[in-house]
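Coordinates in review
Each chain, letter by letter, is given below.
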Amino acid sequence: QVQLVESGGGLVQPGGSLRLSCAASGSIFSINAMNWYRQAPGKQRELVAAMTSGRSADYADSVKGRFTISRDNAKNTVYLQMNSLKPEDTAVYYCNVWLRTPGSAYSNDYWGRGTQVTVSS
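Within each chain, residues carry numbers counting from 1 in the order of the written sequence. In keeping with the model being predicted, local features are shown solely for residues with a pLDDT of at least 70 and side-chain atom pairs are shown and tallied solely at 80 or more, while totals for entire chains, interfaces and linings include all residues. Side-chain figures throughout are based on the complete set of non-hydrogen atoms in the structure, without hydrogens or water.

A few words now on unusual backbone geometry. For Arg-55, which is not a glycine, the phi torsion comes out positive at approximately 70 degrees. Mapped onto the fold, Arg-55 is located in the loop between strand S5 (46–51) and strand S6 (57–59). Judged by its relative accessible area of 45%, Arg-55 falls in the partly exposed class. Even without a glycine there, the phi angle at Ser-84 is positive, about 50 degrees. Runs of H or I in DSSP of at least four residues are treated as helices and runs of E of at least two as strands, each being numbered from the N terminus. By the secondary structure assignment, Ser-84 is in the loop between strand S8 (77–82) and strand S9 (91–100). Whether a residue is buried, partly exposed or exposed follows from its accessible area with a 1.4 Å probe, protein chains only, as a fraction of its type maximum: under 20%, in between, or over 50%, in that order.

DSSP bridges decide pairing: two strands pair if at least two such bridges lie between them. Across the sheet, which stays open at both edges, the four strands sit in the order S1-S3-S8-S7 with antiparallel pairing between neighbours. Two strands close off the open sheet at either side, each with one partner strand: strand S1 (2–7) and strand S7 (67–72). On average, each strand axis in the sheet is tilted by 15 degrees relative to the strand beside it, whichever way the strands run. Here an angle of 0 to 180 degrees is reported between the N-to-C directions of two axes, which are lines fitted to C-alpha atoms, with helices fitted over the stretch in contact.

Next comes the structure, spelled out in structure tokens:
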């Protein structure tokens, strides 16, 4: 079994910063892409940031220049540093990881349970 555990969410004032973490554990052979999504109330889940196994990163236009995704392969962990937060960043943030389990020829994606980020004064 594979588990993804997110942490680091909370309440922050506009202009503030938060750092999200997501650690993958369990039966893991290799990890490919590690991504962050978010879902605001009444809206569809959207991709916020993505990072390949080669550490190539991509971002939603709405967060470029403010958010930074990074990963620590030794710890099977992905991070999302969020700076200059805005009220419109308020959402539940989900970790998404594509990985292979031992004995599997293909990668499958796994999701964390989400962590709430609220930006409000």
